[in-house]
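Survey of secondary and tertiary structure
Residue strings, one per chain:
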Amino acid sequence: MSGRKRLLFLGVCMLLTACQGPQNEEQKTSVRIGISLYRGDDTFINNIRSVLEEKAKEYERENGIRVTLDIQDAKGSQNTQNNQVERFIALGCDVLCINPVDRMDASVIIDKAMTAGVPVVFFNRQPVEEDMNRWDQLYYVGVDAKETAVLQGQMVVELYQEHPSAVDLNGDGVVSYVLLEGESSHQDSLIRTEWSIQTLKDGGVPIEKITGGIANWERSQASALMEQWLAAYPDTIELVVSNNDDMALGAIDALDRAGVTGVNVVGIDGTTPGMEALENGKLLGTVSANKEIYASAVMGLAVSCAMREPIPEEYPLTDGTYYWTPQEILIRQINTK
Ligand code: GAL
């Protein structure tokens, strides 16, 4: 073979090898998934993490495909998370599941993933649309924040319509409330606050805001705020509207410490401690995303991407990108006597 011909032959061989990619993918018997959590100590995220692990095992059992999860905690640092993504790619992860630290700054992760050709399933903290539109291998799993908030508001509206005195505790025709908000940069905080309050108004609950504050989803921060408010507005607060269960539990901690009873507290998430508080009558209600479905969707999308298979029909995607998890109201039995 002449030098030129040999070069041509080599070129054709290389081209054929490159095209064999999908064929090799079809024969995959194992997938490796890199998962990075914005904060491993967040209660809701922790609940989702446990179900993700269960779902991966379930998938292995049902499909005979080995699923290896590499789960990392970014501990609130976007820089750390970017490094974790780099490491996942270097380790040969087939797909990434990312709970971004800074949802406004997912572009670095997207750049790295696109360059390596590794699809990404974001969850819980929604990157901006402009970023999500950059590649057709980017997905998002979460809950519709407006729907959550409307359900939270409805819970109180229905109680008020049936038993006004269970909500307007002092019977003065006004329901005095305080508001606990999540991180200001999180898509859920603003939307939950706006629509929860709007739903109360639309439902005819005569609300009056006493005060409110940002407690960044955290129980201890909410507890400190509530303690201040109880001291500043004694015998006034009738309702606590909280953007999540952990902050609702913080408010309950402060109420317990002050020996105040009867105040209605509503949360969001249906976390394990939230459900306990609901069962022992401390929390009026919560709005819970179905965690089985939530985690199944993250896993289902991730494994399909890793296997280079189409997204299963059981996870219908809005705009080919977003999966919205169903949610439900969980409210405690009301004793109106
Ligand atoms: C929210 C959830 C909060 C917190 C936050 C983290 O959707 O309600 O409890 O987990 O996500 O991003």
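Please refer to the structure placed before this passage.
Described in the following lines is the structure provided in the data block. Within each chain, residue numbers correspond to sequence positions counted from 1 in written order. Local features in this predicted model are restricted to residues of pLDDT 70 or higher, and side-chain atom pairs are both shown and tallied only at a pLDDT of 80 or more, whereas totals for entire chains, interfaces and linings draw on every residue. Think of the side-chain values as coming from all heavy atoms in the structure, minus any hydrogens and water.

1. Examining unusual backbone geometry
In this model, Asn-124 sits at a positive phi of 70 degrees, which is unusual for a non-glycine residue. Mapped onto the fold, Asn-124 is located in the loop between strand 4 (120-123) and helix 6 (129-132). The backbone phi angle of Asp-235 is positive, close to 55 degrees, even though this residue is not glycine. Strands here are runs of E lasting at least two residues and helices are runs of H or I lasting at least four, both read from the DSSP assignment and numbered beginning at the N terminus. Here Asp-235 lies in the loop between helix 9 (219-232) and strand 8 (239-242). In this structure Asp-235 comes out as exposed when scored by relative accessible area, which is 82%. In this scheme, a residue with accessible area under 20% of its type's maximum is buried, one over 50% is exposed, and one in between is partly exposed, where area comes from a 1.4 Å probe on protein chains only.

2. Overview of the packing of helix 9 against helix 10 (residues 245-258)
With axes taken as lines fitted to C-alpha atoms, and helix axes fitted only over the stretch in contact, angles between N-to-C directions fall between 0 and 180 degrees. The N-to-C vectors of helix 9 and helix 10 enclose an angle of 45 degrees; their axes lie 7 Å apart at closest approach. Judged by the inter-axis angle, helix 9 sits oblique to helix 10. Note that helix 9 runs across helix 10; the crossing there is right-handed. Here helix 9 contributes Arg-219, Ala-222, Ser-223, Met-226, Glu-227 and Leu-230 to the contact with helix 10, which in turn contributes Asp-246, Met-247, Leu-249, Gly-250, Ala-251, Asp-253, Ala-254, Leu-255, Arg-257 and Ala-258. Charged residues are taken to be Asp, Glu, Lys and Arg, nonpolar residues to be Ala, Val, Leu, Ile, Met, Phe, Trp, Tyr, Cys and Pro, and polar residues to be all remaining types, Gly included. Its residues assigned to classes, the contact of helix 9 with helix 10 comprises 9 nonpolar, 2 polar and 5 charged. Put simply, angles under 35 degrees are roughly parallel, angles over 145 are roughly antiparallel, angles from 65 to 115 are roughly perpendicular, and the rest are oblique. Each helix crossing is assigned a hand: it is left-handed if the near helix lies turned anticlockwise from the far helix by less than a right angle, otherwise right-handed if that turn is clockwise. Throughout, a contact is declared for two residues whenever any of their heavy atoms are within 4.5 Å.

3. Observations regarding the nonpolar core
Residues Ile-33 and Met-226 are the most contacted members of the largest nonpolar core, which totals 61 residues. Here this core takes 10 residues from helix 12 (residues 291-306), the largest share from any one element. Excluding anything up to four places from it in sequence, Ile-33 contacts Val-67, Thr-68, Leu-69, Asp-70, Cys-93, Val-95, Cys-97, Met-299, Ala-302 and Val-303. In terms of nonpolar packing, the next biggest core, distinct from the first, is built from 21 residues, Val-156, Ala-166, Leu-200 and Val-241 among them. What makes a nonpolar core is a set of buried Ala, Val, Leu, Ile, Met, Phe, Trp, Tyr and Cys residues whose side-chain atoms join them at distances within 4.5 Å.

4. Digging into helix 10
Residue pairs three or four apart in sequence face the same way in an α-helix, which turns once every 3.6 residues. To estimate the expected span of a helix, subtract one from its residue number and multiply by 1.5 Å. Between its first and last C-alpha, helix 10 extends 20 Å over 14 residues, near the 20 Å set by a 1.5 Å rise per residue. The buried fraction of helix 10 amounts to 10 of the 14 residues, a majority that puts the element mostly inside the structure. All of the buried residues along helix 10 are Asp-245, Asp-246, Met-247, Ala-248, Leu-249, Gly-250, Ala-251, Ile-252, Ala-254 and Leu-255. Where helix 10 begins, the side chain of Asn-244 points an oxygen toward the backbone nitrogen of Met-247, at a separation of 2.9 Å. Positioned one or two residues after helix 10, Gly-259 has a phi angle of 70 degrees, which is positive. In the analysis that follows, any N or O atom pair within 3.5 Å is treated as a polar contact, provided that within protein one partner can donate a hydrogen and the other can accept it, and provided that, for residues neighboring in sequence, both atoms belong to side chains.

5. Some thoughts on the site of the ligand
Here, proximity means that at least one heavy atom of the residue falls within 4 Å of the molecule or strand. Taken together, the neighbourhood of the ligand is formed by Tyr-38, Asp-42, Phe-44, Asn-124, Arg-125, His-186, Asp-188, Arg-192, Trp-217, Asn-244 and Asp-269. Asn-244 has a polar side-chain atom sitting 2.8 Å from an oxygen atom of the ligand. Side-chain polar atom of Asp-269 to an oxygen atom of the ligand: 2.6 Å apart, as the coordinates give it.

6. Here's the deal with the packing of aromatic side chains
For any pair of aromatic rings, the description consists of the separation of the ring centres together with the inter-plane angle of the planes. Aromatic rings from Phe, Tyr and Trp, with only the six-membered ring used for Trp, were paired whenever their centres fell within 6.5 Å, and each pair was classed as stacked if the ring planes differed by under 30 degrees, edge-to-face if by over 60, and tilted otherwise. The tally for this structure, following the rule as stated, stands at 5 aromatic pairs. Taken together, a centroid distance of 6.2 Å and an interplanar angle of 65 degrees make the contact between Tyr-140 and Tyr-322 edge-to-face. Of this pair, Tyr-140 sits in strand 5 (residues 138-142) while Tyr-322 sits in strand 11 (residues 322-324), and the two are 182 residues apart along the sequence. By relative accessible area, Tyr-322 is classed as buried at 8%. Taken together, the ring pairs connect Tyr-140, Tyr-322 and Trp-324 into an aromatic cluster. The positively charged end of Arg-125 is found above the aromatic ring belonging to Tyr-38, 3.8 Å away from the centroid. Criterion for a charge above a ring: Lys NZ or Arg CZ within 6 Å of the ring centre, and within 35 degrees of the ring normal.

7. Let's talk about the sheet that holds strand 3 (residues 95-98)
Reading across the sheet, the 6 strands line up as 2-1-3-4-5-11 and stay open at both edges, with parallel pairing between neighbours. Among the strands making up the open sheet, the edge pair consists of strand 2 (66-73) and strand 11. Neighbouring strand axes in the sheet, compared pairwise and without regard to direction, differ in orientation by 20 degrees on average. Along the sheet face, helix 3 (residues 43-63) touches strand 1 (30-37), strand 2 and strand 4 and points at about 165 degrees away from the line of strand 2. Lying over the sheet, helix 12 contacts strand 1, strand 2, strand 3, strand 4, strand 5 and strand 11, oriented at roughly 170 degrees with respect to strand 5. Any two strands are treated as partners once DSSP identifies two or more bridges connecting them.

8. Overview of the pattern of salt bridges
The working definition used for a salt bridge is a side-chain nitrogen of Lys or Arg within 4 Å of a carboxyl oxygen of Asp or Glu. Applying the stated criterion across every chain, the model contains 14 salt bridges. Measuring nitrogen to oxygen at the nearest pair gives 3.1 Å for the salt bridge that ties Arg-192 to Asp-188. With a gap of 4 residues between them, Arg-192 and Asp-188 both fall in helix 8 (residues 187-202), about one helical turn apart. Through salt bridges with shared partners, a single network forms among Arg-39, Asp-41 and Glu-218.

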